[in-house]
Amino acid sequence: MKQTPIDRTIVDRLVKRLQIENIGNASIREIVALVNLVEKETGIRYCRMEMGVPGLPPAEVGTKAEIEALKSGVAARYPMMEGHPELKAETARFVKLFTDIDVSPEGCIPTVGSMQGTYAALFVSSNADKKKDTVLFIDPGFPVQKQQMMVMGRPYESFDVFDYRGEKLREKLESYLSKGNISCIIYSNPNNPSWICLTEEELQIIGEMSTKYDVTIMEDLAYFAMDFRKNLYTPGQPPFQPTIARYTDNYVLFISSSKIFSYAGQRIGMMVISDALFNRKYENLKTRFQSHAFGHTVVLRVLYALSSGTCHSAQFALAAMFKAANDGKFNFVEEVKEYGEKARIMKKLFTENGFKIVYEKDGDEPIANGFYFTIQYPGMTGEELLANILYYGISAISLKNTGSEREGLRACVSHVGRDQFGDLEKRLKMFSENFG
Ligand SMILES: Cc1ncc(COP(=O)(O)O)c(C=O)c1O
């Protein structure tokens, strides 16, 4: 048995103690709990790449505005269900300036994080037409959204996009949509976990399928403008954040404040419903929710029932952050570029030590460096790799958890400090010497 930086017996014992049956299937939170215990017992700091939490301070323009709002007494008042007017207006402006798409402020709705937004939208969409009860995930994807489907008791289908990039995506989508049971398609772009970005060709195909089969597209833009290959911050000027909204008018966009503004703790995001969908009436919504139109059902039936609105002061924060970005005074992309820089260095450390990047291309172009990347080690399943790498003081999650059919791990860069790169390099060298 080769020597490892972390005592194997400690890791194995703690895995048992936490009743983790199969480390390859362990959830993000289980890995977090395990590594917390191992770090405590060994005193050794892990290169922690399991959880997608921002690693930067919150945008100051947001915290300042939120403090002001609290001082003015908004905490005592219920927020309006549809959101604070200024936030709605600044969101519509943000969408126009950074995607070049027109939406009415009416369809811009604050939610308790994008998590609540996807829950509400998926719930309404999968109940809008009796024949279409199923959600289609373009995977790999964010595991909690599948959990949302489980909680709401609605069915879903999914496929790993790895083998269906470019024109191949059309036939694959058609094979699901032609069955007639799909209400909506959901994906994230840039993608958690793989950091692939769908190309304009792929977005156009999805848009065409949306129109052909009358299917709503749920586009999760949690990492808005974070494809650092292009400079996506010049208000009103191209290049713009690519979006499905250019190719169909049957869409909902989700813009989270968690990553782009490092505002995860305040749990606020915006759901942007296209004007056409917001006002569209569905017979089954009337039967199911006593509410006819999509937008009305989302806001006054589902969101009302879930949380009666979104934190009042956080709405002022988000309005201020959008306004500053819109006015050209807050280059939020520059603030988060550090993730891309770290990814570039960390990917190099991995690949120099025998690892391979799993999802590596968008069309002919290498993927961007950003919040996540995916790794495999030749000859090892994802599960084996995760089990082994934990002995080397490195933590991540298995790609299996994300609907990927590839063997490998998702690595998140945000919580590995630059001061840990030396340790990371040493540990990876040792890993490759022991397994190479
Ligand atoms: C793709 C994706 N969607 C949504 C979220 C959650 O967003 P929020 O914090 O706004 O609920 C995340 C967070 O990791 C994510 O990666």
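Residues numbered from 1 in each chain as written. Predicted model: local features only at pLDDT ≥ 70, side-chain atom pairs only at ≥ 80, totals over all residues.

**Quick word on the overall build of the chain**
Here is the rule: Per the convention used, a helix needs a DSSP run of H or I reaching at least four residues, while a strand needs a run of E reaching at least two, with both numbered from the N terminus. For the radius of gyration, the atom set is restricted to C-alpha positions; the globular benchmark scales as 2.2 Å times the number of residues to the power 0.38. Around each residue's C-beta, the other C-beta atoms within 10 Å are counted; 20 or more make the residue buried, 12 or fewer make it exposed, and counts in between make it partly exposed. All C-beta atoms are placed from the backbone. Contacts are defined on C-beta atoms placed from the backbone: any two residues whose C-beta positions lie within 7 Å are in contact.
In terms of helices and strands, the chain carries 15 helices and 15 strands. Relative to the compact-globule value of 22 Å for 436 residues, the chain shows a C-alpha radius of gyration of 22 Å, a close match. With the C-alpha coordinates of the chain rotated into their principal frame, the extents come out at 65 × 55 × 45 Å. A burial count over the chain gives 52% of its 436 residues as buried. For the chain, restricting intrachain contacts to residue pairs at least 6 apart in sequence, the fraction spanning at least 24 positions comes to 76%.

**Details of the packing of helix α7 (residues 168–177) against helix α8 (residues 200–213)**
Formally: Here an angle of 0 to 180 degrees is reported between the N-to-C directions of two axes, which are lines fitted to C-alpha atoms, with helices fitted over the stretch in contact. Any angle from 65 to 115 degrees is called roughly perpendicular, while one under 35 is roughly parallel, one over 145 is roughly antiparallel, and all others are oblique. Two helices crossing with the near one rotated counterclockwise from the far one by less than a right angle form a left-handed crossing, whereas a clockwise rotation gives a right-handed crossing.
Where α7 meets α8, the axes come as close as 10 Å, and the angle between the chain directions of the two elements is 25°. In terms of their interaxial angle, α7 and α8 are classed as roughly parallel. α8 is crossed by α7, and the crossing has right-handed handedness. Listed contacts from α8 to Leu 169, Arg 170, Leu 173, Glu 174 and Leu 177 of α7 are Glu 202, Ile 205, Ile 206, Met 209 and Tyr 213.

**Examining the sheet that holds strand β14 (residues 397–398)**
Under the convention used in this document: At least two bridges found by DSSP between two strands is the condition for calling them paired.
The strand order across the open sheet built from four strands is β9-β12-β15-β14, with neighbouring strands paired in antiparallel fashion. Edge positions in the sheet fall to β9 (356–357) and β14, since each has one partner strand and no second. Pairing between β14 and strand β15 (residues 409–412): two bridges, direction antiparallel. What sits directly across from Ser 398, in β15, is Leu 409.

**Quick word on helix α12 (residues 312–326)**
Heads up, the condition is: One less than the number of residues in a helix, times 1.5 Å, gives the span that helix is expected to have.
For α12, built from 15 residues, the straight-helix expectation of 21 Å at 1.5 Å per residue is met to within 8% by its first-to-last C-alpha distance of 21 Å. Each element contacted by the buried residues of α12 is listed here: α3 (60–71), α4 (85–99), β2 (108–111) and α13 (332–352). Among the residues trailing α12, Gly 328 stands out with phi positive, at a value near 80°.

**Some words on the pairing of β15**
Burial of β15 is two-sided: the residues Leu 409 and Ala 411 facing one way and the residues Arg 410 and Cys 412 facing the other way are all buried. Relative to β15, strand β12 (residues 372–376) is paired through four bridges, and the arrangement is antiparallel. When the bridges of β15 are listed, Ile 375 appears paired with Leu 409.

**Observations regarding the sheet that holds β2**
By way of backbone hydrogen bonds, the strands of a sheet pair with one another, either parallel or antiparallel. Taken in spatial order, the seven strands make up an open sheet running β2-β8-β7-β6-β5-β3-β4, and their pairing is mixed. The open sheet has two free edges, formed respectively by β2 and β4 (156–160), since each of these has just one partner strand. Each adjacent strand pair in this sheet contributes to an overall mean axis angle of 20°, direction not counted. Along the sheet, α4 contacts β2 and β8 (269–273); its crossing angle with β2, the most-contacted strand, is approximately 115°.

**A short note on the domain arrangement of the chain**
Formally: As used throughout, domain bounds are those supplied by an automatic or database domain assignment. Asp, Glu, Lys and Arg are counted as charged, while Ala, Val, Leu, Ile, Met, Phe, Trp, Tyr, Cys and Pro are counted as nonpolar; the rest, among them Gly, fall into the polar class.
Assigned domains within the chain: domain 1 (8–56 + 337–435) and domain 2 (60–326). Distance from the C-alpha centre of domain 1 to the C-alpha centre of domain 2: 29 Å. Of all elements in the fold, only α13 and β12 reach the threshold of two or more residues within the side of domain 1 that touches domain 2. When residues of the side of domain 1 that touches domain 2 are assigned to their parent elements, the largest contribution, three residues, is made by β12. When grouped by side-chain class, the residues that make up the side of domain 1 that touches domain 2 number 10 nonpolar, 10 polar and five charged.

**Quick notes on the site of the ligand**
Using the following cut-off: By definition, a residue lies near a molecule or strand when the C-beta atom built from its backbone is within 6 Å of it.
The local shell around the ligand holds 13 residues, among which Gly 113, Ser 114, Met 115, Ser 256 and Ser 258 are the closest. Looking at the shell around the ligand residue by residue, the class counts come to four nonpolar, eight polar and one charged.

**What about the nonpolar core?**
This is how the line gets drawn: Think of a nonpolar core as buried Ala, Val, Leu, Ile, Met, Phe, Trp, Tyr and Cys residues, each tied to the set through C-beta atoms within 7 Å.
Judged by nonpolar contacts, the single largest core of 137 residues is most densely connected at Ile 185, Val 252, Val 272 and Val 298. Ranked by residue count, the leading element in this core is α12, at nine residues. Counting contributing residues, this core receives three or more from each of domain 1 (8–56 + 337–435) and domain 2 (60–326). Setting aside anything within four residues of it in sequence, one finds Ile 185 in contact with Leu 136, Ile 138, Ile 206, Val 215, Ile 217 and Met 218.

**Re the packing of helix α1 (residues 8–17) against helix α2 (residues 28–42)**
In the contact formed by α1 and α2, the axes pass within 10 Å of each other and the chain directions differ by 140°. One way to sum up the angle between α1 and α2 is to call them oblique. When you trace α1 past α2, the crossing you get is right-handed. For the pair α1 and α2, the contacting residues are Ile 10, Val 11, Leu 14 and Val 15 in the first and Leu 34, Leu 37, Val 38, Glu 41 and Thr 42 in the second. In terms of residue class, the contact of α1 with α2 is built from seven nonpolar, one polar and one charged.

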